[in-house]
Amino acid sequence: MERPFPTVAVVGLGTMGAGVAVAVARSGRRVIGVEAGPTQAVRALARIEASTARAVARERLTAEERTALLALIEVGDDLAAAAQADLVIEEVPEDLELKRGLFAELDRICPPETVLATGTTALSVTRIAAATARPERVLGVHFFNPVHSMKLVEVVRTVLTSPQAAEQVAELARDLGKEPVAAGDRAGFIANGLLFAYLNQAAAMFESRYATREDIDAAMRLGCGLPMGPLALLDLIGVDTARTVLEAMYEQSKDRLHAPAPILGQLVAAGLLGRKSGRGFYTYEAPGSSTPVVEEAAAAEARPAGREVRSVGVCGSGTMATGIVEVFAKAGLPVLLAARSQEKAERAKAQLAKSLERSVAKGRLTEQARDAALALVTPTGGYQDLADVDLVVEAVAEDLAVKRELFTALDRIVKPGAVLATTTSSLPVISCATATSRPQDVIGMHFFNPAPAMKLVEVVSTVLTAEDVTATVLELCAKVRKHPVECGDRAGFIVNALLFPYLNDAVRMLAEHYATVDDIDTAMKLGCGYPMGPFELLDVVGLDVSLTIEKVLHQEFREPGLAAAPLLEHLVAAGCLGRKTGRGFRDHARR
Ligand SMILES: NC(=O)c1ccc[n+]([C@@H]2O[C@H](COP(=O)([O-])OP(=O)(O)OC[C@H]3O[C@@H](n4cnc5c(N)ncnc54)[C@H](O)[C@@H]3O)[C@@H](O)[C@H]2O)c1
């Protein structure tokens, strides 16, 4: 294809427009920048000069490249200059009437073949296109902030946009070193459409005081590998912006999960818009600062001291049990590894030995540390030997009857005062607790897989858990170098309750043919910095496991938007469970 759009006009040179102008000029194209007035134009040029100077200082750009690209950019305040461009990219503030007025004027000024693109995040591209007499040459081009480092560009087609115009703009994006994905005209497009519903749920979770803001953020960073926690991200995006995007999404979807959480409205009304105003969910050192002020946690001080834990028991012989044994042993705690038979316990210890061996091979563990850890682990076939341990973690099958039976047995065997923990991810902790005569000593310790590598532990207290039991587990987590977050005993705890609705939304988006598996995965990785796209993650976790968790969440909250996507049920029924069966959302067998 011929190199598209040799001359590009950028209207509005604020945060986004200035970034887009530089990216386009870097590709060797001429850029006509248009601002609202002469002062704004001077300021915009200064902004571009300063940002490119920073790029030179950071060695992202050479001084010669900077000079060359600045020579390609002219900035003025006369919209008529846009008539010389092959493509106009609009990046003015997010206001429908402002954008429609601008497009009507551009339509009069520019030759009929000029393509007009809007940078809107949440407004209807179709309504903007309707202000012109050339809707087939109007589309959305959604860059991400900061433009120089974010690779994603969503190319948004309305029902009237010509495929050629969209392809040319995608080609331009590739030419700028970006990765374009195709999206239809719906609020939030792909990346924000999936991101904002999740941010909204996190805000609602905070508002209901289910967990603290620090714990919600830590849970998503450490449990899912996300670059930022949701509440810190809301502060970065701007609480007002987030609320506007959610309003637009709700307007179209009527899905209550998109209705902005009341807390967002309260923060906006109070002028607490996030980092830019110095306070939002967090308080920052100053407006515009990214450093939050650390506030003392009063609750932690009021808590009683924990019980002493000198030895632990782990019930089970599977992946989680073995991983948890490794965590304890490496931290120097004697561990009884209790399985249903001596043979199973021995096999689990052999598994553990292999895992430690791999750490030694990778240079992460010394041979002495390996031997010391292994010497602390005693395999045993049966639970009788657990009588004297101070804390037991149960990691047997995810089946309530099995777990309750085990807790009843532990209640008979283990000494009074010991802490009994379950590592369940989807069953109520209280149902384990009531299988004993000492529910105050029972708590959830939700480790993540692989336990030795994943830093997070969700510490789940039931309505009956004693405060010193919670304190014991928090102290133990610190001792074994895990990051504990505290939450109540409800479905999904923090991580799964925020993660699985998002995965479900992605499946629905796919089922609606809004975007492809590859485009959705790309959008989340490149637009939001996620380590994996939703379909990659679903295939790794297992579609059956995901469906079970989604059903538990729906059963708990009865929120219509949480009902498992029919496509997920169909794939599970068809035996497409993800990597483990060779096929899920992708075909892994053929790779
Ligand atoms: N900031 C983000 O993270 C982000 C990310 C993706 C998309 N967007 C979208 O990009 C667009 C621009 O957002 P922004 O964050 O760059 O806003 P901004 O406020 O930083 O910049 C807007 C610029 O437009 C100028 N302007 C206003 N009226 C104008 C007119 N009539 N003619 C020419 N210039 C005019 C203003 O002077 C200002 O410099 C919005 O639609 C926004 O939703 C923003």
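What counts, and at which threshold
- Residues numbered from 1 in each chain as written.
- Predicted model: local features only at pLDDT ≥ 70, side-chain atom pairs only at ≥ 80, totals over all residues.
- Heavy atoms only, no water.
- Helix = DSSP H or I, 4+ residues; strand = E, 2+ residues; numbered from the N terminus.
- Contact = heavy atoms within 4.5 Å.
- Pairing = 2+ DSSP bridges.
- Axes fitted to C-alpha atoms, helices over the stretch in contact; angles between N-to-C directions.
- Disulfide = S-S within 2.5 Å.
- Phe/Tyr/Trp six-rings, centres within 6.5 Å; stacked < 30°, edge-to-face > 60°.
- Buried < 20%, exposed > 50% of the residue type's maximum accessible area, 1.4 Å probe, protein only.
- Lys NZ or Arg CZ within 6 Å of the ring centre and 35° of its normal.
- Salt bridge = Lys/Arg side-chain N within 4 Å of Asp/Glu carboxyl O.
- Polar contact = N/O pair within 3.5 Å; in protein donor to acceptor, adjacent residues only side chain to side chain.
- Near = heavy atom within 4 Å.
- Nonpolar A, V, L, I, M, F, W, Y, C, P; charged D, E, K, R; others polar.
- Expected span 1.5 Å × (residues − 1).
- Arc of directions from axis to C-beta.
- Patch = residues over 30% accessible without salt bridge, like charges linked within 9 Å, V, L, I, M, F, W, Y side chains within 5 Å.
- Areas by Shrake-Rupley, 256 points an atom, 1.4 Å probe, with all protein chains shown as cover.
- Lys, Arg positive; Asp, Glu negative; His and termini not counted.
- Charge placed at Lys NZ, Arg CZ, Asp CG, Glu CD.

What follows covers unusual backbone geometry. Here Asn145 and Pro146 are connected by a cis peptide whose omega angle stands at -5°. Relative to the assigned elements, Pro146 resides in the loop between strand E6 (138–143) and strand E7 (152–157). A cis amide bond, omega -5°, links Asn449 with the succeeding residue Pro450. Looking at the secondary structure, you find Pro450 in the loop between strand E14 (442–447) and strand E15 (456–461). Look at Phe189: it is not a glycine, yet its phi comes out positive at around 50°. Position of Phe189 among the secondary structure elements: in the loop between strand E8 (179–184) and helix H7 (191–207).

This part covers the side chain of Glu326. Looking at the element boundaries, Glu326 is found in helix H13 (residues 319–330). Those residues within four positions of Glu326 in sequence are excluded, and the remaining contacts are Leu352, Ser355, Leu356, Ser359 and Pro452.

Moving on: the sheet that holds strand E1 (residues 7–11). With respect to topology, eight strands assemble into an open sheet ordered E3-E2-E1-E4-E5-E6-E7-E8, the strand pairing being mixed. For this open sheet the edge positions go to strand E3 (73–76) and E8, each flanked by a neighbour on one side alone. Strand-to-strand twist in this sheet, taken as the mean axis angle between neighbours without regard to direction, amounts to 25°. Alignment of E1 against strand E4 (residues 87–90), held across four bridges, turns out to be parallel.

Before going further, it helps to spend a moment on the state of the cysteines. Taken as a whole and judged by the stated rule, the model has zero disulfides. Considering cysteine sulfurs only, Cys477 is the nearest to Cys487, which forms no disulfide, with 12 Å between them.

Let's shift gears to the packing of aromatic side chains. Under the criterion given, the structure shown has four aromatic pairs. Relative to Phe281, the ring of Phe206 has its centre 5.6 Å away and its plane inclined at 80°; by these criteria the two rings are edge-to-face. With Phe206 in helix H7 and Phe281 in the loop between helix H11 (262–269) and helix H12 (298–302), the pair connects residues that are 75 residues apart, well separated along the chain. Note on Phe206: relative accessible area 24%, which makes it partly exposed. Given the relative accessible area of 5%, Phe281 is considered buried. On the basis of an interplanar angle of 55° and a centroid distance of 4.8 Å, the ring pair of Phe535 and Phe585 is categorised as tilted. One end of the pair, Phe535, is in helix H21 (residues 534–541); the other, Phe585, is in the segment after helix H23 (566–573), and 50 residues separate them in sequence. What makes Phe535 buried here is its relative accessible area of 0%. Taking the relative accessible area as the measure of exposure, Phe585 reaches 13% and is therefore buried. Stacked on the ring of Tyr514, the Lys or Arg Arg186 has its end atom at 4.2 Å from the ring centre.

Right, let's get into the environment of Ala453. Position of Ala453 among the secondary structure elements: in the loop between E14 and E15. Look at Ala453 and you get exposed, because its relative accessible area is 56%. Expressed as a C-alpha distance, the spacing of Ala453 and Val327, which sit 126 residues apart in the sequence, is 8.9 Å.

Further remarks concern the pattern of salt bridges. This structure, assessed with the given rule, holds 34 salt bridges. For the salt bridge of Arg310 with Glu308, the shortest nitrogen-to-oxygen distance reads 3.9 Å. A salt bridge links Asp505 to Arg508, with the shortest nitrogen-to-oxygen separation between them at 2.7 Å. Of this pair, Asp505 and Arg508 both sit in helix H19 (residues 495–511), separated by three residues, roughly a single helical turn. Its relative accessible area of 13% is what places Asp505 among the buried residues.

Along the chain, Thr423 turns up in the loop between strand E13 (419–422) and helix H17 (429–433). At a separation of 3.4 Å, a polar atom in the side chain of Thr423 contacts the main-chain amide nitrogen of Phe447. With sequence-adjacent residues up to four places away left out, Thr423 is seen in contact with Ile324, Val393, Glu394, Ala395, Met445, His446 and Phe447.

Taken in spatial order, the eight strands line up as E11-E10-E9-E12-E13-E14-E15-E16 in an open sheet, and their pairing is mixed. In the strand order of this sheet, the two ends are held by strand E11 (377–381) and strand E16 (483–488), each with one partner. Ignoring strand direction, the axes of neighbouring strands in this sheet form an average angle of 25°. Across the face of the sheet, helix H14 (residues 342–361) comes into contact with strand E10 (335–339) and E11 while running at roughly 155° to E11.

This brings us to the pairing of E8. Both E7 and E8 contribute to a ladder of six bridges, which runs parallel. Looking at E8, one finds that Val155 is bridged to Ala182.

Turning to the site of the ligand, a few remarks are in order. In the vicinity of the ligand, 22 residues are found, and the nearest of them are Thr15, Met16, Glu35, Glu94 and Lys99. With respect to the ligand, the backbone of Gly119 contributes an N or O atom lying 3.4 Å from an oxygen atom. The contact in question runs from an oxygen atom of the ligand to an N or O atom on the side chain of Thr121, over 2.9 Å. Elements supplying a minimum of two residues to the shell around the ligand: helix H1 (15–26), helix H2 (38–57) and E6. Partitioned by chemical class, the residues of the shell around the ligand number eight nonpolar, nine polar and five charged.

This brings us to the environment of Val159. Relative to the assigned elements, Val159 resides in the loop between E7 and helix H6 (163–175). Since its relative accessible area comes to 79%, Val159 is described here as exposed. Placed 26 residues apart in sequence, Val159 and Asp185 show a C-alpha to C-alpha distance of 8.1 Å.

What sets the pattern is the α-helix's 3.6 residues per turn: residues three or four places apart point alike. For H6, which comprises 13 residues, the first-to-last C-alpha distance of 18 Å matches the rise-based estimate of 18 Å (1.5 Å per residue) to within 8%. When H6 is considered as a whole, its buried residues turn out to be Ala165, Ala166, Val169, Ala170, Leu172 and Ala173. The buried side chains of H6 occupy one side of the element, clustering within an arc of 155° when seen end-on. Check the buried side of H6 and you find it contacts E4, strand E5 (115–118), E6, E7 and E8. After H6 finishes, the residue Gly177 shows a positive phi value of roughly 80°.

With that settled, the discussion passes to a positive patch on the surface. A cluster of basic residues, Arg26, Arg54, Arg58 and Arg60, forms a positive patch at the surface. When you line up the elements, Arg60 lands in the loop between H2 and helix H3 (63–72). Classification of Arg60 by relative accessible area gives partly exposed; the value is 33%.

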